[in-house]
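Tertiary structure, described
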Amino acid sequence: AAVVRSAGEGTTLSVASDSVAILGFTLDGSGRRYDRLDAAIHVRGHDVRIEGVRVRHALFGIVAEESRRVTVTGNDIAGEPALPPGLRGDAIRFWETRESLVSRNHVAHSRDVVVWYSPGNRIARNLVEDGRYGTHFMYSSESVVEDNRYLRNVVGVFVMYSRNLRLLDNVLAGATSADGMGIGCKESGNLLLRGNRFVKDRIGLYLDTSPLVAGDSNTCAGNRFTLCQSAIVFHSSEARNRFVGNQLADNQSQVEVEGRGTAMGVTWSGNYFDDYRGYDLDGDGVGDVPYESRSLSEQLTSSRPELQFFRGAVVLGLVDVASQ
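Reading the values: rules and limits
- Residues numbered from 1 in each chain as written.
- Predicted model: local features only at pLDDT ≥ 70, side-chain atom pairs only at ≥ 80, totals over all residues.
- Heavy atoms only, no water.
- Salt bridge = Lys/Arg side-chain N within 4 Å of Asp/Glu carboxyl O.
- Helix = DSSP H or I, 4+ residues; strand = E, 2+ residues; numbered from the N terminus.
- Buried < 20%, exposed > 50% of the residue type's maximum accessible area, 1.4 Å probe, protein only.
- Contact = heavy atoms within 4.5 Å.
- Patch = residues over 30% accessible without salt bridge, like charges linked within 9 Å, V, L, I, M, F, W, Y side chains within 5 Å.
- Areas by Shrake-Rupley, 256 points an atom, 1.4 Å probe, with all protein chains shown as cover.
- Pairing = 2+ DSSP bridges.
- Axes fitted to C-alpha atoms, helices over the stretch in contact; angles between N-to-C directions.

1. Observations concerning the pattern of salt bridges
For the structure on display, the rule yields 17 salt bridges. Linking Arg-69 and Asp-47 is a salt bridge whose minimum nitrogen-to-oxygen distance equals 2.7 Å. Placement of Arg-69 in the loop between strand 8 (60–68) and strand 9 (71–73) and of Asp-47 in the loop between strand 5 (39–43) and strand 6 (49–51) is noted, with a sequence separation of 22 residues between them. Of the residues examined, Asp-47 reaches a relative accessible area of 36% and is grouped as partly exposed. One salt bridge in this structure joins Asp-90 and Arg-111, with 2.9 Å as the shortest N-O distance. Taken together, the residues span a long stretch of sequence, with Asp-90 in the loop between strand 10 (76–78) and strand 11 (92–98) and Arg-111 in the loop between strand 13 (106–108) and strand 14 (112–116) at a distance of 21 residues.

In structure tokens form, the structure reads like this:
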């Protein structure tokens, strides 16, 4: 396969035309200016296809701006693991890019995969690992995120100021840093989260003021939360959120509410909690009394954040034993 090496400044390959195909070679390097978005490939055109490309030592990987029907598929994009995540460039960056597809790519050690001001896109079957944001949506509604694997990123998927997204059958694992989470949602509504697996994340699902718009709602159905420090956390998101048929097992905390809020306005139906302490006298497989999350240690750490220092310590375990 051919190798195209950067001259050390600017973008290595620019596309400023429609109906272009970039297929099957290596792009090595780019300039280092963040303000100019120095990238391996920069696209400003419609019906562009980028497939089978290997990107190494570039600041940004693939950037598409003001474009439609861009296909980014089967590429291998690696950032610089020696740099802190915030100093790396984005592996894939969509800006005002619509009706496009990002599929079957392998992204490693980048900063983010960005979808900003870019509605109507599909992100499917990618492997994104060891970065900051696996995929970051902002003002990008009507999109689908399906069958991706997000491994060891700070955040798997973060959705901001967006509506009508579907997040389906993704794996979000290993977001274990102090601010790590599988999926975060801020001021976003009409979201469907279905069939996702949250594994060993500090926070599995984080809802902040979501939904925001009156009349919107969010549905979380058929997901699995396992080995998370906190499976589900609400911040000012007490109403119009519906949880149906989810499984929560082996998490340190199943549900938390930040600040002085409450989760009593959330609708819960048919969920499995492995720490359920009720009973099923009629044998129909459904508990006869509601699940209640009662943990004195969680109440203490929620009201006094400085006590988080003792998470996992014997002393908080003894507090829970005594309270039970």
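2. Here we look at the environment of Ser-297
Residue placement: Ser-297 occurs in helix 1 (residues 296–303). With a relative accessible area of 6%, Ser-297 lands in the buried category. Separated by 14 residues in sequence, Ser-297 and Arg-311 place their C-alpha atoms 8.8 Å apart. If we ignore the near neighbours within four places in the chain, the residues touching Ser-297 are Leu-316, Val-319 and Asp-320.

3. Examining a nonpolar patch on the surface
Side chains of Phe-309, Phe-310 and Val-315 sit close together on the surface and give an oily, nonpolar patch of about 320 Å² of accessible area. Relative to the helices and strands, Phe-310 is located in the loop between helix 1 and helix 2 (314–323). Judged by relative accessible area, Phe-310 falls into the partly exposed class, the value being 35%.

4. Remarks on the sheet that holds strand 8
Consider a sheet: its strands pair through backbone hydrogen bonds, and that pairing is either parallel or antiparallel. Taken in spatial order, the 11 strands make up an open sheet running 2-5-8-11-14-17-20-23-26-29-32, and their pairing is parallel. Two strands bound the open sheet, and with one partner strand each, they are strand 2 (13–15) and strand 32 (253–257). Pairs of neighbouring strands in the sheet enclose a mean axial angle of 5°, with direction left out of account. With four bridges connecting them, strand 5 and strand 8 associate as parallel partners. Within strand 8, the residue paired with Val-43 across the bridge is Ala-64.

5. Regarding the sheet that holds strand 34 (residues 272–273)
With parallel pairing, the 12 strands of this open sheet are ordered in space as 1-4-7-10-13-16-19-22-25-28-31-34. Only two strands of the sheet have a single partner each, and these edge strands are strand 1 (3–5) and strand 34. Pairing geometry for strand 10 and strand 13, over three bridges, is parallel. Bridging from a neighbouring strand, Asp-76 pairs with His-106 of strand 13.

6. Re the pairing of strand 20 (residues 155–160)
Burial analysis of strand 20 places six of its six residues in the buried class, which makes it a mostly covered element. Inspection of the sheet shows strand 17 (residues 133–138) paired to strand 20 by five bridges, in the parallel sense. Its bridge partner being in strand 20, Tyr-133 is matched across the sheet by Val-155. By the bridge criterion, five bridges tie strand 20 to strand 23 (residues 181–186) in an arrangement that is parallel. Each bridged residue has a counterpart across the sheet, and for Val-157 the counterpart in strand 23 is Ile-183.

7. Structural notes on unusual backbone geometry
Cis geometry marks the peptide bond from Ser-210 to Pro-211, where omega comes out at 0°. For Leu-227, which is not glycine, the phi dihedral falls at a positive 60°. Its location among the elements puts Leu-227 in the loop between strand 28 (224–226) and strand 29 (230–235).

8. Some points on the pairing of strand 23
Burial of strand 23 is extensive: five of the six residues sit out of reach of the surface. Note: strand 23 against strand 26 (residues 203–208), five bridges, orientation parallel. Of the residues in strand 26, the one forming a bridge with Ile-183 is Leu-205.

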